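Here is what each chain is made of, one letter per residue.
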Amino acid sequence: MELGAGLDEVAVERPTDFDPFFLDHFAKVARAAAFVTRDVGVGQELAQEAFIRLLQRWGDVRSDDHARNFVFKVAINLARSHLRKHGRVLLYGLEGPEGAGPSTAESAAEDRVEMFEALGALSPRQRACVVLVDYVDMAPEQVARVLGMATPTVRVHLMRGRATLRERLGVPVQEDPT
Amino acid sequence: MNADTTLRDRFERAARTIEVDTVQRLEAVRGASERRERSRRIQALVVAAAIGALALAGAWQLRSGGGSAVPLGSAPSGRLVYLGSDPSGYGLLVLEMDVGTGTISTVTQGRGSAVAAAWSPDGSRLATAYAVDDGGSWVTVRNADGGDPQTVFEQEDSGLIGPDLLDLSWSPDGTRLALAERAAAHGRTIVIVDASGGGTQSVLDGHWESVSWSPDGTRLVAVGFPQLEGGRFDVYTMDPDGSDLARLTDDEAVERNPSWSPDGSRIVFDSGGDFDRDIYVMDADGSDLQAITDRAGLDLFPVWSPDGAWIAFASDRALSPAEQERNRSGEIRFRTRIHVMRPDGSDVGGPLSGPLGAFETTMLPVAWAE
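This write-up is about the structure you can find in this document.

### Structural notes on the overall build of chain A
- The helix and strand tally for chain A stands at 8 helices and 0 strands.
- The secondary structure elements of chain A, listed N-terminal to C-terminal, are α-α-α-α-α-α-α-α.
- Classification of the 178 residues of chain A by burial places 58% in the buried group.
- In chain A, once contacts between residues fewer than 6 apart in sequence are set aside, the share between residues at least 24 apart is 68%.
- Element-wise, carbon and sulfur atoms account for 49% of the exposed surface of chain A, whose accessible area totals about 7,400 Å².

### Focus on helix α1 (residues 18-37) of chain A
Residue and element names in this part refer to chain A.
- Its maximal kink placed at His25, α1 deviates by approximately 45°.
- Counting buried positions along α1 gives 15 out of 20 residues, so the element sits mostly inside the fold.
- Downstream of α1 by one or two residues, Arg38 has phi in the positive range, about 60°.

### Observations regarding the packing of aromatic side chains
- Tallied over the full model, the rule gives 15 aromatic pairs over all chains.
- On the numbers, 5.3 Å between centres and 85° between planes, the contact of Phe18 of chain A with Trp58 of chain A is edge-to-face. In this pair, Phe18 of chain A is assigned in helix α1 and Trp58 of chain A in the loop between α2 (40-56) and α3 (64-85), connecting sequence segments 40 residues apart.
- Judged by its relative accessible area of 3%, Phe18 of chain A is buried.
- Taking the centre distance of 5.6 Å and the plane angle of 20° together, the rings of Tyr130 of chain B and Trp138 of chain B count as stacked.

### Remarks on the sheet that holds strand β4 (residues 113-119) of chain B
All names here are of chain B.
- Read across the open sheet, the 4 strands follow the order β4-β5-β6-β7; overall the sheet is antiparallel. What marks the edges here is a single partner per strand, and that holds for β4 and β7 (150-155). Each neighbouring strand pair of the sheet contributes to a mean axis angle of 15°, computed without reference to strand direction.
- One ladder, built from 8 bridges, connects strand β5 (residues 125-132) with strand β6 (residues 136-143); its direction is antiparallel.

### Overview of the sheet that holds strand β20 (residues 299-304) of chain B
All names here are of chain B.
- The 3 strands are arranged β20-β21-β22 in an open sheet whose pairing can be described as antiparallel. In the strand order of this sheet, the two ends are held by β20 and β22 (337-341), each with one partner. Within the sheet, the average angular offset between the axes of one strand and its neighbour, ignoring direction, is 30°.
- One ladder, built from 4 bridges, connects β20 with strand β21 (residues 311-315); its direction is antiparallel. Along β21, the bridge assignment pairs Trp304 with Ile311.

### Considerations on the side chain of Ser259 of chain B
Residue and element names in this part refer to chain B.
- The topology assignment puts Ser259 in strand β16 (residues 254-260).
- The buried category is assigned to Ser259, whose relative accessible area is 13%.
- Those residues within four positions of Ser259 in sequence are excluded, and the remaining contacts are Ser212, Arg266, Ile267, Val268, Pro302, Val303 and Trp304.

### Focus on the packing of helix α7 (residues 140-147) of chain A against helix α8 (residues 151-169) of chain A
All names here are of chain A.
- One way to put it is that α7 packs onto α8 with a least axis distance of 8 Å and a crossing angle of 105°. Taken together, the axes of α7 and α8 are roughly perpendicular relative to one another. Residues Pro140, Glu141, Val143 and Ala144 of α7 form the contact with α8, whose participating residues are Thr151, Val154, Arg155 and Leu158.
- When its residues are assigned to classes, the contact of α7 with α8 shows 5 nonpolar, 1 polar and 2 charged.

### Let's talk about the pattern of salt bridges
- Counting across every chain of the model gives 24 salt bridges over all chains.
- For the salt bridge of Glu49 of chain A with Arg53 of chain A, the shortest nitrogen-to-oxygen distance reads 2.9 Å. Pair noted here: Glu49 of chain A and Arg53 of chain A are both in helix α2, with a separation of 4 residues, about one helical turn.
- Where Arg317 of chain B meets Asp299 of chain B, a salt bridge forms, and the shortest distance between an N and an O atom there is 2.8 Å. Taken together, the residues Arg317 of chain B in the loop between β21 and α4 (321-328) and Asp299 of chain B in strand β20 connect sequence positions 18 residues apart.

### A few points about the pairing of strand β17 (residues 266-272) of chain B
All names here are of chain B.
- Taken across its 7 residues, β17 has 7 buried, putting it largely inside the fold.
- Alternating positions in β17 separate into two faces, Arg266, Val268, Asp270 and Gly272 on one and Ile267, Phe269 and Ser271 on the other, with burial throughout.
- With 5 bridges joining them, β16 and β17 adopt antiparallel strand pairing. Each bridged residue has a counterpart across the sheet, and for Trp260 the counterpart in β17 is Ile267.
- Connecting β16 to the next strand, β17, in antiparallel fashion are 5 residues, including Gly264 with a positive phi near 80°.
- In this structure, β17 lies alongside strand β18 (residues 277-283), joined through 7 bridges in antiparallel fashion. Across the sheet, the residue bridging to Ser271 is Asp278, located in β18.
- What sits between the antiparallel neighbours β17 and β18 is a turn of 4 residues.

Here is what the cut-offs are and how they apply
What you see as residue numbers is a count from 1 along each chain, following the sequence as written. For naming, the first written chain is A and the first written ligand is 1, with later ones following in the order written. This being a predicted model, a pLDDT of at least 70 is required before a residue's local features are given, and a value of 80 or more before pairs of side-chain atoms are given or counted; all residues contribute to the totals for chains, interfaces and linings. Side-chain numbers here rest on the full set of heavy atoms in the structure, without hydrogens or water. Secondary structure elements are defined from DSSP: runs of H or I of at least 4 residues count as helices, runs of E of at least 2 residues count as strands, and each element is numbered from the N terminus. Working definition: with a 1.4 Å probe on protein chains only, accessible area under 20% of the residue-type maximum means buried, over 50% means exposed, and in between means partly exposed. Pairs of residues are marked as contacts when any of their non-hydrogen atoms sit within 4.5 Å. Accessibility throughout is a Shrake-Rupley quantity obtained with a 1.4 Å probe, and a residue counts as covered only by protein chains that appear here. Axes are fitted to the seven residues ending at a residue and to the seven starting at it; the angle between these axes is taken as the bend at that residue. Two rings from Phe, Tyr or Trp (for Trp, the six-membered ring) form a pair when their centres are within 6.5 Å of each other. A pair whose planes differ by under 30 degrees is stacked, one over 60 is edge-to-face, and the rest are tilted. Two strands are said to pair when DSSP picks up at least two bridges between them. Comment: axis = line fitted to C-alpha atoms, over the contacting stretch for helices; angle = value between 0 and 180 degrees taken between N-to-C directions. For this classification, under 35 degrees means roughly parallel, over 145 means roughly antiparallel, 65 to 115 means roughly perpendicular, and everything else is oblique. When residue character is reported, Ala, Val, Leu, Ile, Met, Phe, Trp, Tyr, Cys and Pro are called nonpolar, Asp, Glu, Lys and Arg charged, and the others, Gly included, polar. By definition, a salt bridge exists where a carboxyl oxygen of Asp or Glu is found within 4 Å of a side-chain nitrogen of Lys or Arg.

Any link to function would need more than the numbers given here.
Next comes the structure, spelled out in structure tokens:
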């Protein structure tokens with residue numbers, strides 16, 4: 001029984017209906033989970049599970065932001081659990097997950113393969129922080145709430161994760177945008 | 001700290017190559033959700049019918065007037081500390097309720113989630129335990145008015161799932177605290193900590209999740225088992241140095257949250273499965289075990305009043321059938337309110353809540369002072 005890790009948030013606007021909310025947000029959640037797990041199929045499965053849980057709680061949802069935070073929280077936590085279950089080899093990218101390696105790369109997917117390989121050099125927490133800030137466009141304070149971390153911890157993971165990711169992607173080192 | 005535009009562009013380029021069939025996934029989500037809902041309802045109805053909970057629920061409605069507060073006779077009073085859901089985020093706060101009036105105030109609010117709290121025996125200080133994912137655990141002792149907070153114990157995050165620190169209890173002379181804290185991958189040790197921030201002494205290895213010091217200081221009651229793996233959660237007592245371990249329960253159920261009566265003669269605790277828990281009382285030697293609540297649903301976190309005349313506990317009995325059903329389904333944000341009863345299970349009253357915030361859901365009593 002997990003205590004307190006719930007939907008509560010001070011917000012009063014009623015959300016849109018579930019279906020339009022789903023159509024607007026599912027792809028983003030699935031892709032974020034794919035980046036964290038470095039697996040396209042797993043990302044979509046985890047996003048699907050997160051939205052099933054959201055639908056079962058839809059009556060409690062206070063706003064679109066509320067629902068969005070919940071669904072990212074569940075999906076990213078599931079992604080971290082998935083990585084834990086599959087051991088430390090997968091965690092630190094010493095061995096890429098199925099489908100991420102260069103052998104399956106097609107020219108259209110090169111950007112993805114390159115990104116998955118680069119993300120493999122980050123710890124799961126760094127990966128979650130970078131994906132939520134730089135792909136999902138959340139503020140570090142919001143990421144802290146979604147991941148259940150302190151905000152300074154998020155900033156540390158973000159800085160280290162970005163530095164590694166830039167190096168792996170060959171992106172010129174630049175000052176961290178603040 | 002804003003998004004890094006270069007990295008964002010690279011993520012977007014990579015994301016465009018990840019094809020997502022959103023419409024097909026929506027159908028899958030709808031279908032799976034309906035199947036889960038059906039099996040959940042069936043399960044709840046089967047459990048309720050098997051133990052006569054439907055009749056009990058009806059009786060409660062008559063008694064409580066549909067969930068509003070009921071007269072308590074010789075009314076309980078004092079300051080009841082409880083863990084409550086944080087309306088602004090995730091985790092639990094420490095709050096205090098004036099039992100006589102139902103007035104609620106926030107005691108502590110900070111980073112992390114509260115996991116336990118206890119009044120010092122003279123009611124002058126409050127010890128609170130916190131944990132935060134990726135940030136470790138710690139125990140703070142402060143005056144009853146909130147002043148002079150001191151961190152008396154800290155532990156780094158073990159990296160394992162769940163809070164590393166789970167429970168604490170004061171020694172009757174107010175000089176030490178007993179803690180149940182993570183010491184190994186599959187274990188939690190009972191440790192004794194100097195309440196002014198001095199030394200720490202580990203007294204018993206195993207897997208211990210709850211601990212409470214007897215009023216005369218001679219024994220600890222704890223829930224868990226004295227090995228790292230393969231044990232069952234039962235109630236044990238021991239000397240404060242970990243010696244003379246005595247097993248008081250031996251069953252398949254999971255006991256939790258033991259608390260001594262103020263005269264030290266009885267121990268109250270909750271027991272059962274995850275979503276169906278009841279409250280039991282037994283003599284300090286494990287004899288004369290009695291269930292003092294018996295319903296399908298959550299009755300848990302019992303705490304004795306300072307005069308021994310009442311037991312406060314968390315329950316979902318006053319909630320709507322839909323909310324109770326949601327609790328049994330494993331809802332992350334489960335709902336409870338605080339009730340009181342006599343130590344024999346009679347005179348059940350409550351909920352004690354005064355005006356609640358719209359988002360306040362979980363209420364778990366942990367310590368009661370005069």
